[in-house]
Amino acid sequence: MKKCTINIGEKDYELVLTRNAIKWLENRGITLDTIDKKLLTFVDGMWVALFIANYSDMSETDCIALLEQYESEGGDVSEIVKFAIDEYTAFINALSGTKSKTKKKKAQITKA
């Protein structure tokens, strides 16, 4: 898991995409498949999901206000969303066993 640090209003925010954040996205119907159908919902959802692990006291409205402030301060929201997409993809690939760079401990499966 990687992290991304951004500065908004002279405050640093450390953003990460965790398993719980991905479940939060999925519970709201936001997956990589929705990017073409609901772009604004997708972007907002990915942005909010990055705040879940470290800023659980923030509401979705607070997070979106930060997105707007970040953008007004010259921040590139698409760069942050790309980070979230890359982390989401890495998590899904690791879960499915594709494109994994590390060797995994093998389970021994036998008949009972």
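Quick note: structure is the one above.
Everything in this summary refers to the structure shown in the same document. This one's a predicted model, so the numbers in the text were calculated from it and none came from an experiment.

### Looking at the nonpolar core
- Ranked by size, the top nonpolar core spans 30 residues in total, and within it Ile-6 and Trp-47 carry the most contacts.
- The greatest single-element share of this core, amounting to 7 residues, is contributed by helix H2 (residues 39–51).

### As for the environment of Asn-7
- Position of Asn-7 relative to the elements: it lies in strand E1 (residues 4–8).
- Between the C-alpha atom of Asn-7 and that of Gly-75, which follows or precedes it by 68 residues, the distance is 8.8 Å.
- Residues contacting Asn-7, with those up to four places away along its chain left out, are Asp-12, Tyr-70 and Glu-73.
- Polar contacts involving the side chain of Asn-7 include one to the main-chain amide nitrogen of Glu-10, which spans 3.3 Å.

### Digging into the pattern of salt bridges
- This model, assessed by the stated rule, comprises 3 salt bridges.
- Of the charged contacts, one joins Arg-28 and Glu-60 as a salt bridge, the two residues approaching to 3.7 Å between their closest N and O atoms. On the criterion of sequence distance, the pair formed by Arg-28 in the loop between helix H1 (19–27) and H2 and Glu-60 in helix H3 (residues 60–72) is long-range, its members being 32 residues apart.
- Note on Arg-28: relative accessible area 43%, which makes it partly exposed.

### Quick look at the packing of H2 against helix H4 (residues 77–96)
- Orientation of H2 relative to H4, taken along the N-to-C sense of each, is 75°, at an axis distance of 9 Å. Looking at the two axes, H2 sits roughly perpendicular to H4. Contact residues: H2 offers Phe-42, Val-43, Met-46, Trp-47 and Leu-50, while H4 offers Val-77, Ile-80, Val-81, Phe-83, Ala-84, Ile-85 and Tyr-88.
- For the contact of H2 with H4, the per-class residue count stands at 12 nonpolar, no polar and no charged.

### Structural notes on the pairing of strand E2 (residues 11–15)
- In this structure, E1 lies alongside E2, joined through 5 bridges in antiparallel fashion. For Cys-4, the partnering residue across the bridge sits in E2 and is Leu-15.
- Hairpin connection between E1 and E2: a loop of 2 residues separates the two successive antiparallel strands, and Gly-9 in this loop has a positive phi of roughly 55°.

Conventions we followed
Residues numbered from 1 in each chain as written. Predicted model: local features only at pLDDT ≥ 70, side-chain atom pairs only at ≥ 80, totals over all residues. Heavy atoms only, no water. Core = buried A, V, L, I, M, F, W, Y, C linked by side-chain atoms within 4.5 Å. Buried < 20%, exposed > 50% of the residue type's maximum accessible area, 1.4 Å probe, protein only. Helix = DSSP H or I, 4+ residues; strand = E, 2+ residues; numbered from the N terminus. Contact = heavy atoms within 4.5 Å. Polar contact = N/O pair within 3.5 Å; in protein donor to acceptor, adjacent residues only side chain to side chain. Salt bridge = Lys/Arg side-chain N within 4 Å of Asp/Glu carboxyl O. Axes fitted to C-alpha atoms, helices over the stretch in contact; angles between N-to-C directions. Parallel < 35°, antiparallel > 145°, perpendicular 65-115°, else oblique. Nonpolar A, V, L, I, M, F, W, Y, C, P; charged D, E, K, R; others polar. Pairing = 2+ DSSP bridges.

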